[in-house]
Each structure stands twice: as structure tokens, then as C-alpha cells.
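Remarks on the overall topology
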Amino acid sequence: MAYEKGTELPPLQVHVTRDQLVRYAGASLDFNPIHWNERFAKEVGLPDVIAHGMLTMALGGRLVTDWLGDPGKLVEYSVRFTRPVVVSPEGADVEFTGKVAEVREDGSARVDITAKFDGKTVLGKAQAVVH
């Protein structure tokens, strides 16, 4: 696949549920109660339970690998966590978009990813390098 600067990736919308948070906790061994216990989350000052940052990051990676069709072409990926995804009993909708921001001489490209929840960015400087 030849990459072209300015190419927009197909957007991805994900509905995150509390059930998914519990399963992710088991898979990641991150059983922090802020991710599954509403009472505890509120006691520590959160509005509700929050999604694991690494789950949100993984969903952003899925945006890129879905577009590539081959997860092996994703060679680097980094993000900064800027805001939590609050997951109410009804769930939370997170929107991911991406754009090829740079094409390099070696044929690789940098993809800039935007992740938004409730109209606000939840991942900062989310970038993937694909080859």
C-alpha cells in the first residue's frame, strides 16, 4: 500500500460498556476498582467508572489496523492520556478518526489519530507509524 499525505481513515465509533471494562480488567489484570465499581469511583472523586486508558489506546490502534487490513504494518504507536472516558450504566460512545500526516522517504507514514468522548479529546498526540 502506498500512503498519501492527507488520506483520511474511515472513522470508527465504539460503544464502550461496563461489561467490556470487566472483561478488559480480566484480560489486562488491571482490577483497579475505578474501572468497575461505581461507588468506589465516585468516592475518589470521579463522576462514574472510567475506561482503562490502555483500552482506549487499543481502540485507537484498531482504527489504524482496520484501515491497513494487516496489523503487522503498524510498527509504532504512542499516545498521551489527556482525559478519561466516563462509562455510565448506558455505556460511552468514543469516536476515532485518523489522517496520514506525513509520508517518509522509506515508504512509511505517520498517522495522527483523534479520539473523542462527549465532544472532547481523550488521547493527546496519538500517532502511529505504518509501513
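Here, every reference points to the structure presented above.
Computed from a predicted structure; not experimentally measured.

1. A closer look at the overall build of the chain
What the chain contains, in helices and strands, is three helices and six strands. Beginning at the N terminus, the succession of helices and strands in the chain can be written as β-α-α-α-β-β-β-β-β. Overall size of the chain, expressed as C-alpha extent along the three principal axes, is 50 × 30 × 20 Å. The buried share of the chain, reckoned over its 131 residues, is 38%. Of the contacts made within the chain by residues no fewer than 6 positions apart, 67% connect residues no fewer than 24 positions apart.

2. Quick notes on unusual backbone geometry
Positive phi values are uncommon outside glycine, yet leucine 29 reaches one of about 65°. The phi dihedral of aspartate 118 is positive, around 55°, even though this residue is not glycine. Here aspartate 118 is to be found in the loop between strand S4 (109-117) and strand S5 (120-121). On the accessibility criterion, aspartate 118 (62% relative accessible area) is exposed.

3. Focus on the packing of aromatic side chains
In the structure shown here, the tally under the stated rule is one aromatic pair. Note on tyrosine 3 and tryptophan 67: the rings are 5.9 Å apart at their centroids and 45° apart in plane angle, and the pair reads as tilted. Placement of the pair is tyrosine 3 in the segment before strand S1 (12-16) and tryptophan 67 in helix H3 (residues 53-68), with a sequence separation of 64 residues.

4. Some thoughts on the pattern of salt bridges
Tallied over the entire structure, the rule returns nine salt bridges. Of the charged contacts in the structure, one is a salt bridge between glutamate 38 and arginine 18, with a shortest N-O distance of 3.0 Å. With glutamate 38 in helix H2 (residues 38-43) and arginine 18 in helix H1 (residues 18-28), this pair connects stretches of sequence that are 20 residues apart. The class for glutamate 38 is partly exposed, based on a relative accessible area of 28%. Judged by its relative accessible area of 21%, arginine 18 falls in the partly exposed class. Where glutamate 43 meets arginine 39, a salt bridge forms, and the shortest distance between an N and an O atom there is 3.2 Å. Pair noted here: glutamate 43 and arginine 39 are both in helix H2, with a separation of four residues, about one helical turn. What emerges from the salt-bridge pattern is a single network uniting Arg18, Glu38, Lys42 and Asp48.

5. Structural notes on the environment of lysine 5
Tracing the backbone shows lysine 5 in the segment before S1. Between the C-alpha atoms of lysine 5 and alanine 109, which are 104 residues apart in sequence, the distance is 8.2 Å. Not counting the four nearest positions on each side in its chain, lysine 5 is found in contact with Val100, Ala101 and Val103.

6. Section: the side chain of threonine 56
The residue threonine 56 is located in helix H3 in this model. Excluding residues that lie within four positions of it along the chain, threonine 56 makes contacts with Ala51, Val85, Phe96, Val122 and Leu123.

What counts as what
Residues numbered from 1 in each chain as written. Predicted model: local features only at pLDDT ≥ 70, side-chain atom pairs only at ≥ 80, totals over all residues. Heavy atoms only, no water. Helix = DSSP H or I, 4+ residues; strand = E, 2+ residues; numbered from the N terminus. Buried < 20%, exposed > 50% of the residue type's maximum accessible area, 1.4 Å probe, protein only. Contact = heavy atoms within 4.5 Å. Phe/Tyr/Trp six-rings, centres within 6.5 Å; stacked < 30°, edge-to-face > 60°. Salt bridge = Lys/Arg side-chain N within 4 Å of Asp/Glu carboxyl O.

Coordinates in, geometry out; function isn't part of it.
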